[in-house]
Amino acid sequence: MSNLISQMETVCRRFEELSMRLNQPDAAADPAVFRRLMQEYREAEPVVQAYRDLATAQDHLAQAKALLEGESLDTDFKAMVQQEISEKSHDVEELEKNLKVLLLPKDVNDGKNVIVEIRGGAGGEEAALFAHSLMRMYTMYAQSRGWELEVLNLNETELGGVKEAIFAVNGRGAYNRLKFESGVHRVQRVPETETQGRIHTSTATVAVMPQAEEVDFALDMKDLRIDTFRSSGAGGQHINKTSSAIRVTHLPTGMVVECQNERSQFQNKDKALEILRSRLLAQKQKEQQDAINANRQGQVGTGDRSEKIRTYNFPQDRCTDHRIGLTVHNLDKIMDGNLDEIIDALATHEQAEKLRNLSQNNN
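Parameters at a glance
- Residues numbered from 1 in each chain as written.
- Predicted model: local features only at pLDDT ≥ 70, side-chain atom pairs only at ≥ 80, totals over all residues.
- Heavy atoms only, no water.
- Pairing = 2+ DSSP bridges.
- Helix = DSSP H or I, 4+ residues; strand = E, 2+ residues; numbered from the N terminus.
- Axes fitted to C-alpha atoms, helices over the stretch in contact; angles between N-to-C directions.
- Buried < 20%, exposed > 50% of the residue type's maximum accessible area, 1.4 Å probe, protein only.
- Core = buried A, V, L, I, M, F, W, Y, C linked by side-chain atoms within 4.5 Å.
- Contact = heavy atoms within 4.5 Å.
- Phe/Tyr/Trp six-rings, centres within 6.5 Å; stacked < 30°, edge-to-face > 60°.
- Lys NZ or Arg CZ within 6 Å of the ring centre and 35° of its normal.

## Here's the deal with the sheet that holds strand β6 (residues 224-229)
Thinking step 1. Taken in spatial order, the three strands line up as β6-β7-β8 in an open sheet, and their pairing is antiparallel. Unpaired on one side and paired on the other, β6 and β8 (255-259) mark the two borders of the sheet. Averaged over all adjacent pairs, the angle separating strand axes in this sheet is 15°, with direction ignored.
Thinking step 2. Alignment of β6 against strand β7 (residues 245-250), held across six bridges, turns out to be antiparallel. The residue bridging Ile226 from the neighbouring strand is Val248, located in β7.

Below is the structure:
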C-alpha cells in the first residue's frame, strides 16, 4: 500500500502541475504542446479521481471503526456498526483494485488509430472468401463503434474473395480494441464452391498495426525505390487504364508495399508510404519489446502472425478464441461485427495478467 500511495502522490503532483499550466493565458500558444498536455491531463484525471474516492472510503471506514471503540455500545448499534465496517471494507477493497488497474502500464499505442492487413492463407479461393468475411466483420464492428474506416488497398479475386485488404481504422480506442485481432484466424465450413457438402478448413492472417505519423517514424527517401504500374484486379473503372498504381520498396529491409485503389499516383504513393511507415514502426516496436521482455507468453495478443488465435466453426455455430479458451455461439452475429464479448474477455484477461505480474514483482 505504501508503494501505491507514493505512486499516487507523484501522479497528483503532476496533475496539479498540468492543471496550472493549462489555465495559464498563453497555454494555447503552441497547439501541439497544448494538445499533448490536455491529453496527459485527461489520462490522469480518472486516476486522481479514483484515488480521491479511495481516500474518502478509507476515511469513512476509519470513522466506523472508531465507533466500536466507544464505551457501553448496545448490542443492536454494535451489530449495525460492524455491518457498516464490513460494507466499507469491501468498498475500499474494490476502489483499491480499480486504482491499481488504472495505474497499470499503458500500451503506448492504445490511443492511436490502426492499419489492418488481412490476407487469405491456406485454402485457396475459400481462404480468400474467408478473408473477405473478416473484412466485412471488422467493417461492421468499426461502424458499431462509430469509427471511420478507409480502404487503402484491396486485391480481390474473381469470385469476390480477398487476396489482400489493407485499411485504416480511425477512432477513439481503435488500437486498444483491435490489437487483440493480430494472428491467424481459422474457419471450418462448407464452401459455396463445394458440391459434395464437405467441410473445409481454411485460414486468413490478420495484422493490426498502430498507424504511424511522420513524427513517430521518419522515412528517408534515399532508402526507397518507387515504381509505377498499371492497376490490375477483379474489376473497377480505373483498372488497366493508367499507370497510377504505386509500388514502394524499402531497400534496407526489402519490405514492399503496393497501392492501386486511388485515382492518382500521388494519392497511391501517399497511402503506400502511410502503410510502410506503420509496418516499420510496428517492426521496430516489436524488436524493442522483445529485447525488453522476452517472456511475453503470459500476455494475450503478442501480435505473432503465425499464432492461430481463433477458430470459426460454422457447422457447430461456435467461435473459439484459443488464447483464453473462450467459446461463444451465435456465429452469425459475430460475423456481423458483434465482437465486444470476445474482445472484452481478452482485455479482462490481459488486465488480470498484468495485475498478477505487478503483484509478483512487488513481492
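Text resumes after the structure shown.
## Overview of the environment of His349
Thinking step 1. Note that His349 resides in helix α8 (residues 340-362).
Thinking step 2. Residue His349 is classed as partly exposed on the basis of its relative accessible area of 28%.
Thinking step 3. Separated by 26 residues in sequence, His349 and Arg323 have C-alpha atoms that sit 9.7 Å apart.

## Some thoughts on the nonpolar core
Thinking step 1. Ranked by size, the top nonpolar core spans 34 residues in total, and within it Ile118, Leu134, Tyr138, Val169, Tyr312 and Ile334 carry the most contacts.
Thinking step 2. Contributions of two or more residues to this core are made by β1 (114-120), α4 (124-144), β3 (162-170), α5 (174-178), β5 (200-210), α7 (331-335) and α8.
Thinking step 3. Counting residues per element, this core draws most heavily on α4, which supplies eight residues.
Thinking step 4. Once residues within four sequence positions are removed from consideration, Tyr312 is found in contact with Phe130, Leu134, Met137, His185, Arg186, Val187, Gln188, Arg318, Cys319, Leu331, Ile334 and Met335.
Thinking step 5. Counting 21 residues, the second-largest nonpolar core is a separate cluster that includes Leu18, Ile85, Leu99 and Leu103.

## Quick look at unusual backbone geometry
Thinking step 1. In this structure, Asp317 takes a positive phi of about 50° despite not being glycine.
Thinking step 2. Residue position: Asp317 is located in the loop between β9 (308-313) and β10 (318-321).
Thinking step 3. On the basis of relative accessible area, Asp317 is assigned to the partly exposed category, the value being 34%.

## Here we look at the packing of aromatic side chains
Thinking step 1. Per the counting criterion, the structure on display carries three aromatic pairs.
Thinking step 2. Between Phe130 and Tyr312 the ring centres are 5.5 Å apart and the planes differ by 65°, which places this aromatic pair in the edge-to-face class. On the criterion of sequence distance, the pair formed by Phe130 in helix α4 and Tyr312 in strand β9 is long-range, its members being 182 residues apart. Neither residue differs from the other here; Phe130 and Tyr312 are each classed as buried.
Thinking step 3. Between Tyr141 and Trp147 the ring centres are 5.7 Å apart and the planes differ by 85°, which places this aromatic pair in the edge-to-face class. Side by side, Tyr141 and Trp147 carry an identical accessibility label, which is buried.
Thinking step 4. Across from the ring centre of Phe314, 5.4 Å away, lies the NZ or CZ of Arg189, which sits over that ring.
Thinking step 5. In this structure, Arg247 packs its charged tip against the face of Phe229, placed 4.4 Å from the ring centre.

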